Every structure is written in C-alpha cells, then in structure tokens.
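Okay, here's what each chain looks like letter by letter:
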There are 2 protein chains.
Amino acid sequence: MNELLLRGGRPWTPGAAVEVADILVRDGRIAEIGPGLTADTAETVDLAGALVLPGLVDAHCHLDKTMFGGPWVPNTGGRTLAGRIANGEGRREELGLPSADYASNLLAAMVSGGTAHVRSHIDIDPEVGLRGVEAVRAAAARHAHRVDVQLVAFPQGGLLTRPGTAKLLEAALAEGVEVIGGLDPAGYDGDPTGQLDVIFGLAEKYGAGIDIHLHDRGALGAWQFELIAARTRATGLAGRVTISHAYAMGELAPDEQRRIAETLAEAGVSMITCAVGDAPVVPVRVMRAAGAGLAFGNDGIRDLWTPYGDGDMLRRIMQVSFRDRLVADAEIELALEAGTYGGAALLGVADYGLAVGAQADLFAVSAETPAAAVVSVPVRSLVVKRGRIVARDGRLVTD
Amino acid sequence: MNELLLRGGRPWTPGAAVEVADILVRDGRIAEIGPGLTADTAETVDLAGALVLPGLVDAHCHLDKTMFGGPWVPNTGGRTLAGRIANGEGRREELGLPSADYASNLLAAMVSGGTAHVRSHIDIDPEVGLRGVEAVRAAAARHAHRVDVQLVAFPQGGLLTRPGTAKLLEAALAEGVEVIGGLDPAGYDGDPTGQLDVIFGLAEKYGAGIDIHLHDRGALGAWQFELIAARTRATGLAGRVTISHAYAMGELAPDEQRRIAETLAEAGVSMITCAVGDAPVVPVRVMRAAGAGLAFGNDGIRDLWTPYGDGDMLRRIMQVSFRDRLVADAEIELALEAGTYGGAALLGVADYGLAVGAQADLFAVSAETPAAAVVSVPVRSLVVKRGRIVARDGRLVTD
C-alpha cells in the first residue's frame with residue numbers, strides 16, 4: 001500500500017471557501033480529506049498552509065514542434081498563417097524535428113509547473129507522416145508516471161488541399177490516436193463542408209474526439225462555429241467536439257457572443273483559448289455563464305511558429321485572465337477552473353479533482369487565495385501525480 | 001577609488017553582434033570595456049558568458065497606488081475607467097494608501113529585476129493632496145543608491161473637472177516634481193484645449209516634462225495625438241512630451257499609424273505602452289521606423305485598479321513583444337531597446353548605456369542572445385547600479 005499524507009494544506013474547490021485540511025492519498029487516489037488525518041505508514045509532507053490546486057490541464061499544445069531546451073533558433077516564420085506553415089515544414093528536417101528529446105524537455109517543464117494532463121496536436125502530412133506521433137509517444141513514455149498525454153492527429157498543412165493527408169490521419173486514429181484535428185475548414189482548406197465531412201466521418205468511425213483549429217476571423221469564423229455546432233448535433237458527438245483558438249469569438253458583439261456560447265453549450269461543443277500574441281481571447285465569463293465548455297493551452301512553445309512560451313500552465317491561466325480583464329476574485333477563479341476542471345472535462349479525464357476517490361493529481365503553491373495564485377504565479381512547491389511526488393520547488397523529481 | 005571588474009560577460013549594443021568582453025567600472029561609471037582587462041584592486045565577478053544588458057527603465061508605473069507585498073486585496077474596481085477611479089479614491093484611506101512601505105517593497109522587486117530608472121505617476125487631488133509625493137519620495141530615499149525615481153504630478157481624478165487640482169499640481173512642480181501629467185483631455189476632462197492650456201502652461205513655467213495618460217480610443221484618441229503634437233511644436237517643448245497608453249494608436253490602420261508616428265517624431269512627442277490587459281499596444285516597428293520615441297512601463301501593480309503585476313520590467317518587455325507579435329530576433333531587440341535606451345531617452349537620463357563613460361547601470365542574465373533574454377525572462381544573476389552590486393540571483397543585496 002502506497003500512502004502519502006499531505007498535512008496542513010488548503011485544498012481549493014471552485015465556489016467554496018478555502019479551509020485548512022489534510023489530504024491522505026492511497027494507491028494514487030485521494031482517500032480522505034479533512035482535519036487531523038493520520039496514517040502510520042504514510043510518507044508525510046507538511047504543506048504549512050500552502051494552497052492545494054488540482055493538476056493543471058494544458059488542453060492545447062504542439063509537443064511535436066517544440067525545440068524546448070535546445071539552442072536558440074531565430075524565428076523566420078513571419079506573421080501570416082501560410083508563412084508560418086511553410087516555415088514550419090521547410091525547416092523541421094534540418095532542425096531535427098519532430099524530436100522526442102525536445103518534447104521530453106518540455107514535458108519535464110510542464111510537470112514541474114504542476115501540469116498533470118496534456119492534449120498535444122501532432123502535425124500529419126505526406127512528408128512527415130506519423131513521425132510526430134512516434135516522437136511524442138516516446139517522450140510521453142519517459143514521463144508516463146508524471147503526466148498523461150493525449151494526441152490529436154492534426155492536418156497542419158491542410159486536409160482537402162493536401163492530398164494523402166486524410167489517409168494518414170485515419171492511419172493515426174487506427175493505431176490509437178485519440179482525437180482528429182481540423183484547420184480552418186473555410187479560410188485555409190477552402191471547403192468547410194468537405195473538411196467537416198472527413199473529420200466527423202473519421203471521428204464516428206474510430207470513436208475519436210474532434211479538435212478544430214479555427215483562426216478565421218469575424219463573420220467567417222462565427223459562421224463556422226454554427227456550422228460545427230450543427231454538425232455536432234447531427235452526429236451525436238456532443239461533448240466530444242472542440243473549437244481551438246476561435247479568434248472570431250473574441251471579436252463578436254456581446255449579445256452575439258452570448259448567443260453563440262448558448263448554441264455551443266446546447267450542442268456540446270467546447271472552446272479552447274490560448275491568449276496568443278494579440279489574437280482575441282474567448283470571453284471567459286460569457287462562456288461560463290452559458291455553461292459552455294472552456295479550457296486553455298500554451299499553444300506553440302519555442303518552435304518554428306513562435307519563439308515564445310515556457311510551458312507554465314499557471315502562467316498561461318494568468319495570461320488569459322489578464323487579457324480577458326478578469327479582476328474580481330470570483331472572475332479570476334473562473335479562469336482557474338477552466339485551466340483545471342474545464343480542461344479535464346474537455347479531455348475526458350476520469351475521476352478528476354480534489355475529492356475523495358479522485359486521482360491524486362495536484363500541486364501546492366504559497367498563495368493566500370486561488371485568485372492570488374493565478375495573479376502571482378508562484379513556484380510550485382510540490383507536484384503530485386497519481387499519488388507520487390513528481391516535482392518539488394519547480395524542479396522535476398527524478399528517481 | 002571604487003572599482004568593480006565584471007569578467008567574461010557579453011555586453012549588448014543595439015544593432016551590433018554580442019561578443020565576450022570584460023567591463024571595468026570605476027567610481028560608478030564604465031571605465032573600460034574590452035577583452036582581458038585587469039585591475040589589481042577591483043572586486044571581481046566572473047560573469048561566465050552571461051549576457052550583460054543596460055539597466056531597465058520602467059517609464060510608467062504608479063508607486064503611490066501599490067499594495068505590493070501587503071495582504072491580498074480582492075479587486076472591486078470593475079472594468080470602466082470611471083469605476084476604477086472611484087474605487088481607487090474610495091478605498092485608499094482604509095487600505096493605508098499611499099504607502100511608503102508598499103512603494104518600497106515594489107522598488108525592491110524592481111531593482112531585483114534589473115530596473116535602474118523609474119518614472120512614477122503620483123495621484124494628486126484635493127483629498128490626497130501631495131501625500132503621494134511624500135510617500136514615494138520616502139520609499140525612493142530608502143533605495144537611493146539602487147534606483148533613480150522620477151515623479152509625475154498626475155491628476156488621476158481629472159484636472160478641469162476637479163476644482164483645486166491645478167493648484168496642487170503646481171505646488172508639486174514648485175517643490176521639484178519633474179513632470180506634469182494629464183488625463184484624457186477630451187474623454188475624461190471634457191475640454192482638451194483647456195487641459196492642454198493648463199499642462200503646457202505649467203510645464204513652461206517650471207521647466208517640467210509632460211506625460212499625458214490617453215485612454216481615449218479610435219478617432220477621439222488619434223485626434224488628440226495630433227492636438228498634442230501641434231501644441232508641442234507651438235511651445236518648443238519638443239523631446240519633453242509623452243503620451244502614455246495611446247490605445248488609439250494600436251487601433252489605427254497601418255498607413256495612419258505611420259503618418260501619426262512620423263508626426264510624433266517630427267514634433268518630438270514620445271509614446272509609452274504598457275500592454276495592459278487587452279488594450280491595444282503601440283506598434284513597436286512603426287514607431288521605431290519613424291524614429292519616434294518609445295518606452296514601456298508596468299503601469300499599475302497590485303493596486304486598487306488591477307490585481308496583476310510583479311514589477312519585472314524584463315517580463316513586461318516580453319509582454320509587449322509577445323502582444324505586438326515581434327518574432328524575428330531583430331524585432332524583439334527593438335522592444336528590448338525601447339525598454340532600455342528608449343526609456344532612458346524619454347526620462348532624460350544622462351550618460352546611459354553600456355559604453356565607456358556611461359553610468360554603470362547594468363544587469364546580467366543567462367541567455368544566448370538578447371532576443372532569447374526577452375523571451376525567456378531569466379533570473380537576473382547580477383544587478384549593478386552606479387557601479388554597486390544591488391541584487392544577485394533575483395534578490396536584493398542589503399548592506
């Protein structure tokens with residue numbers, strides 16, 4: 001029996017007051033939460049009043065693209081989507097991408113920051129084939145006890161416009177990749193109905209989830225939100241469909257945002273925002289008020305698309321919260337909830353949260369309140385994954 | 001004779017390649033830069049290849065408002081300018097503001113992050129009077145050898161709309177406050193010509209600089225940029241006038257941005273952007289291409305306006321750079337230059353920079369290139385102010 005007793009922390013439950021409690025972990029799950037717990041055989045850690053939060057969820061990143069921990073590579077991608085795609089494909093070979101080592105470096109940083117669950121898009125096209133899947137799976141295997149990694153078969157170079165890609169996406173799903181991706185069905189691929197036919201068809205055939213990158217702005221983006229919601233309703237895939245980035249959502253007038261959020265909630269379509277650069281952020285309060293699914297991710301990190309990023313999911317929650325002008329504690333807690341419980345729901349994580357019976361994925365920080373933890377982004381003093389201590393004071397624990 | 005030899009660092013000069021060199025500091029100034037320097041009596045620090053950057057300049061903050069280092073205060077300001085102003089004034093007494101202790105806490109954090117020069121706005125109105133000036137001066141005195149602090153007499157509650165304020169602003173200038181502030185001459189104060197009459201009149205009378213908060217958006221903001229440029233030309237105050245925030249600048253079409261930037265450059269008016277929340281950022285490349293003055297600041301930090309902020313100026317340069325989608329190394333270096341040389345020029349700092357004869361205000365970080373330093377925001381391993389080591393490894397050196 002493997003026991004860990006976390007003494008004197010302050011576990012957070014969304015919407016509830018934070019109070020001091022001990023947490024007893026047994027065989028990877030939370031066995032008890034309450035004051036004055038004892039366990040003779042348990043390893044004991046004194047949390048000294050630290051705030052305890054459930055493991056962070058990075059619901060949108062690109063592990064196959066990263067050069068994290070490698071030498072500095074000046075960015076030559078420019079500012080257009082097409083230019084970045086061309087740059088990403090053109091230089092990946094010379095730079096040794098996709099790389100299990102770089103992906104592993106990044107996963108180590110994510111774990112050190114308290115991230116317990118990751119969804120990573122993996123570029124698939126006729127040139128790279130499924131090598132990204134192999135590289136990221138190899139990296140994830142090195143950290144198998146520290147973090148759970150879910151993959152998206154992602155047609156970064158286009159789907160209909162890139163002959164041979166659909167077959168490769170299907171091959172990825174056939175060998176167990178959990179989610180099928182999409183990319184601007186209208187603005188990049190030029191045939192929204194056609195792209196959705198392929199994606200939703202593959203999702204139904206393989207029982208996969210769906211996660212569509214949607215950078216299209218304004219009316220074109222908003223129209224596709226409704227198109228995707230309608231298709232989700234028609235296929236019975238409610239709860240398994242995600243629109244990533246969804247820049248247009250941040251541009252709509254407030255009443256349009258509300259209407260779309262309600263449509264998404266009713267259809268079972270979630271959104272992910274990454275607060276990248278100056279791109280519009282999906283409005284947190286509007287999504288939450290409508291009951292629509294919402295999660296966050298770090299997006300690209302130190303890759304051929306962007307030189308920025310550090311993999312710190314708590315800092316990314318702060319960034320979304322800062323960009324979305326969440327200022328009251330209750331508002332900032334909405335963002336924290338999206339970066340934890342929201343991400344877990346979107347990824348379909350079972351038994352998530354700080355509750356008896358849940359998987360013991362959690363971390364501790366020195367912060368007065370949950371909102372203060374988001375704002376100040378403190379060092380993660382302790383990170384626990386399935387009951388095991390995987391990081392301390394911002395550094396990975398290696399066995 | 002007080003000597004410090006910094007051995008084996010890589011000092012940065014904008015636009016030049018970074019090469020290993022020693023830096024000999026004597027009596028607070030850079031005496032020599034080059035390979036293989038020796039000095040028998042000097043304290044020697046081995047920089048081991050660290051990048052050396054000139055001291056950061058926080059050209060826009062509000063030291064009088066901060067509650068940095070104090071207990072967490074949930075924000076009740078909301079999202080409108082008027083709401084924040086009312087909240088800020090309404091709660092400052094109960095919270096012990098303005099506070100020399102909080103301002104001192106924040107200055108300590110700024111210094112630890114490599115900031116050498118600060119311009120702080122100080123709220124002045126008939127209720128608070130000049131108490132903010134006193135508090136921040138007291139805080140600055142505690143850190144007198146660590147950082148230089150310049151004050152702006154700022155009519156946060158309005159100027160024409162707040163009888164009695166103009167007299168207090170004048171009193172502040174009369175007793176040595178260096179800069180006269182303004183606040184949305186049209187959108188908040190309702191009489192742009194009237195507010196500029198007062199501000200420019202006081203600046204001429206007391207030889208003060210001018211720094212006007214301009215939140216007004218769209219055409220109203222853009223019109224005031226031209227109004228301020230015209231007034232600057234008419235008064236001979238070229239080089240001494242700043243527009244802070246200038247949100248409208250980030251909203252204009254590219255050709256309008258260029259035209260305004262050229263107008264500002266020609267009139268000798270600078271801009272400061274803080275990349276606050278979701279507010280538009282002044283376009284770095286456009287301003288620099290036109291030769292217009294540009295600097296950055298942290299704006300409000302842990303105060304009644306915003307719960308966010310940590311005083312780290314390098315991280316703020318990253319935020320501006322990230323928001324403005326600067327991706328190539330040369331672009332990111334433009335932002336670094338604005339946060340150092342640009343700020344120093346705006347504040348009128350004499351003898352600034354990494355050059356022989358300049359004041360020895362500098363810091364060291366572990367980073368491959370200047371762009372990498374901006375992107376990765378590394379711990380400041382060494383901070384030197386006027387030749388004295390004032391922080392190491394992100395912590396203040398106390399004597």
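Remember, predicted model here, so these are calculated numbers, not experimental data. (Residues numbered from 1 in each chain as written. Chains lettered and ligands numbered in written order. Predicted model: local features only at pLDDT ≥ 70, side-chain atom pairs only at ≥ 80, totals over all residues. Heavy atoms only, no water.)

(A) Inspection of the interface of chain B and chain A at higher detail. Facing 38 residues of chain B, the contacting portion of chain A comprises 38 residues. Together, the buried faces of chain B and chain A total about 3400 Å²; carbon and sulfur atoms form 52% of this surface. Here chain B is connected to chain A by two salt bridges. Element by element, the count of residues in the side of chain B that touches chain A is highest for helix H10 (residues 313-323) of chain B, at seven residues. Grouping the constituent residues of the side of chain B that touches chain A by class yields 18 nonpolar, eight polar and twelve charged. (Contact = heavy atoms within 4.5 Å. Buried area = accessible area lost by both parts, 1.4 Å probe. Salt bridge = Lys/Arg side-chain N within 4 Å of Asp/Glu carboxyl O. Helix = DSSP H or I, 4+ residues; strand = E, 2+ residues; numbered from the N terminus. Nonpolar A, V, L, I, M, F, W, Y, C, P; charged D, E, K, R; others polar.)

(B) A look at the packing of aromatic side chains. Throughout the structure, instances matching the rule amount to six aromatic pairs over all chains. Measuring from centroid to centroid gives 5.3 Å for Phe322 of chain A and Tyr308 of chain B, while their planes differ by 65°, and the two rings are edge-to-face. Within this pair, whereas Phe322 of chain A is found in helix H10 (residues 313-323), its partner Tyr308 of chain B is found in the loop between strand S13 (294-296) and H10, the two belonging to separate chains. Here Phe322 of chain A matches Tyr308 of chain B in class, with each residue buried. Pairing Tyr341 of chain A with Tyr352 of chain A gives two aromatic rings, centres 5.2 Å apart and planes at 90°, and the pair type is edge-to-face. With Tyr341 of chain A in helix H11 (residues 329-347) and Tyr352 of chain A in the loop between H11 and strand S14 (362-365), this residue pair connects regions lying eleven residues apart in the sequence. Take Tyr341 of chain A: its relative accessible area is 23%, and that puts it in the partly exposed class. Each residue in the set Trp12, Tyr341 and Tyr352 of chain A is aromatic and connected to the rest through ring pairs, giving one cluster. (Phe/Tyr/Trp six-rings, centres within 6.5 Å; stacked < 30°, edge-to-face > 60°. Buried < 20%, exposed > 50% of the residue type's maximum accessible area, 1.4 Å probe, protein only.)

(C) Local environment of the pairing of S14 of chain A. Residue and element names in this part refer to chain A. Burial along S14 is two-sided: Leu362 and Ala364 and Phe363 and Val365, pointing in opposite directions, are all buried. With four bridges connecting them, strand S5 (residues 51-54) and S14 associate as antiparallel partners. What sits directly across from Leu53, in S14, is Phe363. Bridge analysis of S14 against strand S15 (residues 380-385) gives four bridges, and the strand direction is antiparallel. Of the residues in S15, the one forming a bridge with Leu362 is Val384. (Pairing = 2+ DSSP bridges.)

(D) Fine view of the pairing of strand S1 (residues 3-11) of chain B. Residues and elements named next belong to chain B. Within S1, eight of the nine residues are buried, which leaves the element mostly enclosed by the surrounding structure. In this structure, S1 lies alongside strand S2 (residues 21-26), joined through five bridges in antiparallel fashion. Bridge pairing in S2 places Glu3 opposite Arg26. Here four bridges tie S1 to strand S4 (residues 43-46), and the two strands are oriented parallel to one another. Residue pairing for S4: Leu6 is matched across the bridge by Val45. Pairing between S1 and strand S5 (residues 51-54): two bridges, direction parallel.

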